[in-house]
Amino acid sequence: MTEIHRALRLPKALVGTYLAISVLTVIAAVVLRDNPALVTDAVWIRTIIVVLTGALMLSFAVGATRGSAKSYLRLRVSSAVMVVAIAVLVALPGFLPLWVRIEQGVCGLLLLGVVVLVNGQRVRGLFART
């Protein structure tokens, strides 16, 4: 196992957890679809976007663990952008039902961990050498 792979093991796991929670949220929306107070149009749009971005970020994390500097940069940028987007959407009053706001808050915290780890001196230093 390379040093890069070891350094990115936790960020990759956090992104994988983000994706898994996102998929479970879509499943929950399907189950709750007959309750318009819990599953709005915004919920459908947001949850599907989150699954897609989660899958993309996981592909970036996998590429980065293999030493791809481009994937590493994409992971750094996408995780930071998603944290900001989540914070804005959760803060908008009435935009998402409470259960999705809570789910998005958890996802935001997971991605915040990714942002901190992949922008840390250790990981940046590993990619500066490649």
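Each remark here, short or long, concerns the structure printed above.
For every chain, the first residue of its written sequence is number 1, and the numbers climb from 1 along that sequence. Totals for whole chains, interfaces and linings use all residues, but because this is a predicted model, local features are given only for residues with pLDDT of at least 70 and pairs of side-chain atoms are given and counted only at 80 or more. Computation of side-chain values: all heavy atoms of the structure, hydrogens and water removed.

Helix numbering and strand numbering both begin at the N terminus, where a helix is a DSSP run of H or I of at least 4 residues and a strand a DSSP run of E of at least 2. Summing up its helical and strand segments, the protein has six helices and zero strands in all. N-terminal to C-terminal, the α/β element order of the protein is α-α-α-α-α-α. Its C-alpha atoms put the protein at 50 × 25 × 20 Å along the principal axes. Burial classes follow relative accessibility: with a 1.4 Å probe on protein chains only, a residue under 20% of its type's maximum area counts as buried, one over 50% as exposed, and anything between as partly exposed. The buried share of the protein, taken over its 130 residues, is 38%. The contact criterion used is simple: two residues touch if any of their non-hydrogen atoms lie within 4.5 Å. Sequence-distant contacts, at least 24 apart, represent 74% of the contacts inside the protein between residues at least 6 apart. Accessible surface, the protein: about 7,000 Å² in total, of which carbon and sulfur atoms supply 71%. The positive count covers Lys and Arg only, the negative count covers Asp and Glu only, and His and the chain ends enter neither. By convention, the point assigned to a charge is CZ for Arg, NZ for Lys, CD for Glu and CG for Asp. Between the mean site of the 13 positive side-chain charges and the mean site of the 4 negative ones, the protein shows a separation of 18 Å. Each accessible area is a Shrake-Rupley result for a 1.4 Å probe, and residues are judged covered by the shown protein chains and nothing else.

On to the side chain of Thr 65, then. Position of Thr 65 relative to the elements: it lies in helix 3 (residues 41-65). The contacts of Thr 65, once residues within four sequence positions are left out, are Thr 2, Ile 4, His 5, Leu 8 and Lys 12.

This part is about the environment of Val 90. Note on placement: Val 90 falls in helix 4 (residues 69-91). For Val 90, the contacting residues outside a window of four places in its chain are Arg 101, Gln 104 and Gly 105.

Attention now moves to a nonpolar patch on the surface. Note that patches include only residues with greater than 30% relative accessible area and no salt bridge, and the join distances are 9 Å for like charges and 5 Å for nonpolar side chains (Val, Leu, Ile, Met, Phe, Trp, Tyr). Whenever Lys or Arg places a side-chain nitrogen within 4 Å of a carboxyl oxygen from Asp or Glu, that contact is recorded as a salt bridge. Nonpolar side chains collect at one region of the surface, where Val 23, Leu 24, Ile 27, Val 31 and Leu 32 lie side by side and expose about 440 Å² of accessible area between them. On the secondary structure map, Leu 32 appears in the loop between helix 2 (9-31) and helix 3. The partly exposed category is assigned to Leu 32, whose relative accessible area is 31%.

Attention now moves to helix 5 (residues 98-118). An ideal rise of 1.5 Å per residue puts 30 Å on 21 residues; helix 5 measures up with 30 Å between its terminal C-alpha atoms. Among the residues of helix 5, Val 100, Glu 103, Gln 104, Cys 107, Gly 108, Leu 110, Leu 111, Val 114, Val 115 and Val 118 are the ones counted as buried. As for helix 5, its buried residues are in contact with helix 2, helix 3, helix 4 and helix 6 (121-128). Expected span of a helix, by definition, is 1.5 Å for each gap between consecutive residues, and there is one gap fewer than residues.

Spanning 23 residues, helix 2 covers 33 Å between terminal C-alpha atoms, matching the ideal 33 Å at 1.5 Å per step. For helix 2, the set of buried residues is Pro 11, Leu 14, Val 15, Tyr 18, Leu 19, Ser 22, Thr 25 and Ala 29. Next to the buried residues of helix 2 lie helix 1 (3-7), helix 3, helix 4 and helix 5.

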